[in-house]
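# Remarks on the overall topology
Each chain, letter by letter, is given below.
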Amino acid sequence: MNVKGFLIFTFLTLPLFANAESMDLKTHNLLIEKLEAGKNQSPGKALDLRLADLYSDRARLRYMKEQEKNCKSCLGSKDDRKNALVLYKKIFSQLDPDEKERAFVQISQTYSLLGQNSKAISFHKKIISGKYHKTLKALAYHAEGERLFFAGQYKHSLTQFQRATNRNGALATPLTEYRKAWCEFNTGKYGKAKNHLARILQSGKEMDSQLKSDIARDFAKFTAKGSINDQSLRKVHALSPEKEAKTNVELLASELDRLGRPYENLRANRYILENFKIEDIDSAFAYLRMSQAEQTLKRTSKTHTTFALSGQFFKKVDCEEDENKKRCGEYEKKARKFLVYWNRVEKDDPSQSLLNVWKEYLKVFPQDFDMHYIAAQTFHKKKQYSTSVNYFVHSAKTIKAQKAVAKNKKVFTEALDAAMGVAEESKSIGLRRVAYQSYLEVYPEGPKSLQAKYQLAYLNYEEKKYETAVKEFKNVIKIGTVIKKTKSNKAVAKKSADLVLDIYALKKDNKNIMSHSQAYAVAFSAHREEYRGIYRKALLHEAVALLDVKGETKYKKEILAKMVKIPFKNVPEKEQILLLETQVRLAKIVRDLDEMMRSSKKMLTYKKLDLKKSHFAYNNLIWASKVTLSFSQAYLYKKRQLNRSKRNKTEIAQLALLAELAGKNSHAHYEEYLNRSHGVLEGNRIRAKIVQSSHIPWGEIKDRIHRMKRSPLLLSELTLETYARFKNTKAAEMVLSHANVAAKPAGKILRRHLEIPKFKRAKNRLVGHKMATRGDAAVQRAIAKRVELLGEMEAIANAAIDRKDFPLQVASLTVLAKEKNRLAKELKTTPSPRGLSGDQLKQYQNILKQKIDAMTAEAIEIARTVDQSWKNEKYVAEKMSSRQQTPLVMQELYAKEAKMLLPFAPNSKKKALIKLSQVSNEAIKGLGQARRQVRQNPFSEEAVAKLRELEFMNNNQSHVAFLDQRLSELNKKVVP
């Protein structure tokens, strides 16, 4: 029998020991010693019975002390029971019936307390089967009933109880009947059990108030097993002690809830609300039970309503008062249990009513962090992200406020982690910000605090608040790489670093990308190559951007210097080529020809260099060589370039020009060009170049004139230039035989120079002619010759007038006027022919006078024409103005004209003509020095201009064309 059985058994048999003394342990000790000492003197059953009682009672007292000291039989309670048992058994058969009953109880009880159940059973059976009084047997049956009852053998227990009460009605106490009712209930006889309890309560028998209270409470429980109506509820109400009626009906309601009978549960709770004057806490419980019933019935809307009412009543309760503390705790526990159960039922798809009930619960119990955590999970399932995040955060904040982090570390950390996870799933910037800020507020030193800071920075990045984002990312980098340098923190710092660079990339801030990527290459050594790549890319972008920026030469040089320092180890070949290409472009802009050529040459070392980039490298090498006047080197690079590609006529022309500039034979290249299709003028320009660079230009003109005559302007200018260099009248006449060539300005100039010798010879013959003074025949021959010579000069003059050839025109007319006057004067003094008659003489003299007068008039008119021509002339001014823009070889040609014209010019023109007739080689003496100046300073516009002037004067037309192009580049400040 367990302790509960022992206490109840003792309660049942207390009347049997009414004569037991109430003594303390010390008195027991004295009495026992005294009686033990007197056993030998006065032995007998009375002494043994008295001593047995004393041992038994001292065992009880010692046992109580042992319980207080938490020691098992340390004071000898067990030995006392054994001693008592020996004495009771010794004298049992000698005792009177009443004494036997008392001794029976002690023996049975002591067996149980000593755990000797088998001996107790044997003892009971011995009494039952022996020849003992029925009252003693009734006690034995009753003791067996108690033993079996507490052993859970209810069917057999009920049988033994019935046998006991049948033999002794006095044993049918309310407690025994209560036992029998429980035996019926536990064997499934619910109706009998309930009615049995009702009979006990209605019997009117006196009983302990606690027992009556227990029976009334169990009657409410048993009632829950049957059908429930208002009559059932009223009966529970009526049979309960007045102060416990409400509690018992509540118990019935709770049992109905436990048994899953929602309709009856609702009825019971309505009964409570309508029939009892109850406190707010009772109303809260009633509505809570009703809410549970409604939920069972799946009337979720009513579940929410009743739960809300329950919470409203509960919030009115002052749970700090002692009388309410326990019940408030019970309410919270039940409400919690109900909500957790419902949440489990709808775990996959929570209903809105469940969510509403969650909200009601959390309003009532804001400090319940566990339930906030579960609620947050539930709201997350319905994608109600904002509520979920708030509940997760509230859970963590509450734990911290309650200073319970250490005890609830798992919930605390998981709540904050989950808040961030849900917020991120929501994709709401505002919600994410709340989650991250909350983490840092509640758990500033948490393992994910740096992650939270990173995410806050990332939100600003998403919102394009780049300045703020960069500042926050840099703080994350500092913490992750310096202050709290852990593996996970460093990973977050690495992401921050990448985003800092990304922001600078978005802003096209290559300067910051370069400086930061270099720093990150050190801070994140495992990713050094990655950041070096970013640095190279930013540097490349900065360089490319600078290609279109005017000025900033100093900064461009700085960038170029950084590019040159880039190690190419582990850099992909494609990127190396791109870097070199950009270095070439930038070097060209900042006029760093050495670096430009170095990078270009480096590009050409790559076997996989495509044709386009190969051309780029060669073109820049050629350009750099050209601007430093290293034409032979440029020619060599051009030949190499053309070895890699199909030669087109433009490239061939460039190669030929470079050969010409380098002083090499360019004819083969020009001939190759001519073998390709081209226009007439285009081809003739190439032929002109062949002529200009040839040592036998007239032969080239002769060979090519059948094609070149189709470009008369070009041919006329080429022939004039060739004539200026290599005088060949016959060849020049051959060209001028083509009228369309002769009609061009250069053709007319050439014609003038071919006519000047003729004019000079004609003038010399005319001026040098002497008139004969003797002999009529001689005189007449002389006059005829003079007239012939004058006619020759007139022919020259008329031809010059027709060509509008001012120099020859005024020169021949001046000579003609003068010589006509001279002839007129000479004719006046010429003797008349002999043998003439007077009339004949007179007639001769008249005719002669007329001719002299006509000749004089002609001379005057010619002179007047010449004077007018000089007044209207533009020739001298034009020649003077174009003198500095005329090559030396052409100046020499024009000087010849000036010298020819000088004797015939008025005094006002002589000074200019004298200057035109003077040509000095001083103009080209500084050519070598000028070339050296350009090589040393190829970007000096002044030096190039000076060289261009000298090359022009030297009639180096290819050089002049090249230098004109250079001057154009320098003047426009463009890089070709």
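In this report, the structure presented in the accompanying data block is examined. The model shown is predicted, which means the values in this text are computed figures rather than measured ones.

For the protein chain, the helix and strand inventory stands at 49 helices and zero strands. Counting only C-alpha atoms and orienting by the principal axes, one finds that the protein chain spans roughly 235 × 60 × 45 Å. Burial statistics for the protein chain: of 976 residues in total, 49% are counted as buried. Relative to all contacts within the protein chain whose residues are 6 or more apart in sequence, the contacts with residues 24 or more apart total 59%. For the protein chain, the accessible surface area stands at approximately 50200 Å², while carbon and sulfur atoms represent 51% of it. Side-chain charges of the protein chain comprise 182 positive and 109 negative groups, with the mean position of each set lying 7 Å from the other.

When you line up the elements, Arg 883 lands in the loop between α44 (875-882) and α45 (888-901). When its relative accessible area of 14% is taken as the criterion, Arg 883 is described as buried. Each C-alpha atom, one on Arg 883 and one on Lys 427, is 82 Å from the other, the two residues being 456 residues apart in sequence. Not counting residues up to four positions away in its chain, the partners in contact with Arg 883 are Gln 891, Lys 915, Leu 916, Gln 918 and Met 953.

Bringing the state of the cysteines into the picture now. For the structure shown, the criterion picks out two disulfides. Here Cys 71 is linked by a disulfide to Cys 74, with a sulfur-sulfur distance of 1.7 Å. The partly exposed category is assigned to Cys 74, whose relative accessible area is 43%. Each sulfur in the disulfide pair Cys 319 and Cys 328 lies 2.0 Å from the other. Between Cys 319 and Cys 328 the sulfur-sulfur dihedral comes to about -80°; the bridge is accordingly left-handed. For the protein chain, the bonded cysteines pair up as 1-2, 3-4 when numbered in the order they occur along the sequence.

With their axes 10 Å apart at the nearest point, helix α5 (residues 97-113) and helix α7 (residues 134-150) run at an angle of 20° to one another. By the criterion of interaxial angle, the relationship of α5 to α7 is roughly parallel. Our pair here, α5 against α7, has a crossing hand that is right-handed. Note on element contacts: α7 touches α5 through Thr 135, Leu 136, Leu 139, Ala 140 and Ala 143, opposite Lys 100, Glu 101, Phe 104 and Ser 108. Counted by class, the contact of α5 with α7 contains five nonpolar, two polar and two charged residues.

What follows covers the nonpolar core. Ranked by internal contacts, the top residues of the largest apolar core, which has 79 residues, are Phe 473, Tyr 520, Ile 559, Met 563 and Met 603. Non-local contacts of Ile 559, meaning those with residues more than four positions away in its chain, are made with Met 514, Leu 539, Glu 542, Ala 543, Leu 546 and Leu 586. Phe 314, Tyr 385, Val 389 and Ala 404 belong to the second-largest nonpolar core, a separate cluster that totals 54 residues.

Our focus in this paragraph is the packing of helix α21 (residues 409-426) against helix α22 (residues 429-442). For the pair α21 and α22, the least separation of the axes is 8 Å and the interaxial angle reads 160°. In terms of their interaxial angle, α21 and α22 are classed as roughly antiparallel. Considering only the axes of α21 and α22, their crossing is left-handed. Along its contact with α21, which presents Phe 412, Leu 416, Asp 417, Ala 419, Met 420, Ala 423, Glu 424 and Ser 426, the element α22 presents Leu 431, Arg 432, Ala 435, Tyr 436, Ser 438, Tyr 439 and Val 442.

Applying the stated rule across the entire model yields 65 salt bridges. Taking the shortest distance from any N to any O, the salt bridge between Lys 484 and Glu 445 comes out at 2.4 Å. With a gap of 39 residues between them, Lys 484 in the loop between α24 (466-483) and α25 (487-506) and Glu 445 in the loop between α22 and α23 (449-462) connect regions that are remote in the sequence. The closest approach of N and O atoms between Arg 676 and Glu 672, which form a salt bridge, is 3.7 Å. Using a relative accessible area of 32% as the deciding quantity, one classes Arg 676 as partly exposed. The exposure class assigned to Glu 672 is partly exposed, which follows from its relative accessible area of 24%. Residues participating in the shared-partner salt-bridge network are Lys 246, Glu 250, Asp 282 and Arg 327.

Thresholds, definitions, all that
Residues numbered from 1 in each chain as written. Predicted model: local features only at pLDDT ≥ 70, side-chain atom pairs only at ≥ 80, totals over all residues. Heavy atoms only, no water. Helix = DSSP H or I, 4+ residues; strand = E, 2+ residues; numbered from the N terminus. Buried < 20%, exposed > 50% of the residue type's maximum accessible area, 1.4 Å probe, protein only. Contact = heavy atoms within 4.5 Å. Areas by Shrake-Rupley, 256 points an atom, 1.4 Å probe, with all protein chains shown as cover. Lys, Arg positive; Asp, Glu negative; His and termini not counted. Charge placed at Lys NZ, Arg CZ, Asp CG, Glu CD. Disulfide = S-S within 2.5 Å. Axes fitted to C-alpha atoms, helices over the stretch in contact; angles between N-to-C directions. Parallel < 35°, antiparallel > 145°, perpendicular 65-115°, else oblique. Left-handed = near helix turned anticlockwise from the far one by under 90°. Nonpolar A, V, L, I, M, F, W, Y, C, P; charged D, E, K, R; others polar. Core = buried A, V, L, I, M, F, W, Y, C linked by side-chain atoms within 4.5 Å. Salt bridge = Lys/Arg side-chain N within 4 Å of Asp/Glu carboxyl O.

Function cannot be inferred from these measures alone, as they are strictly geometric.
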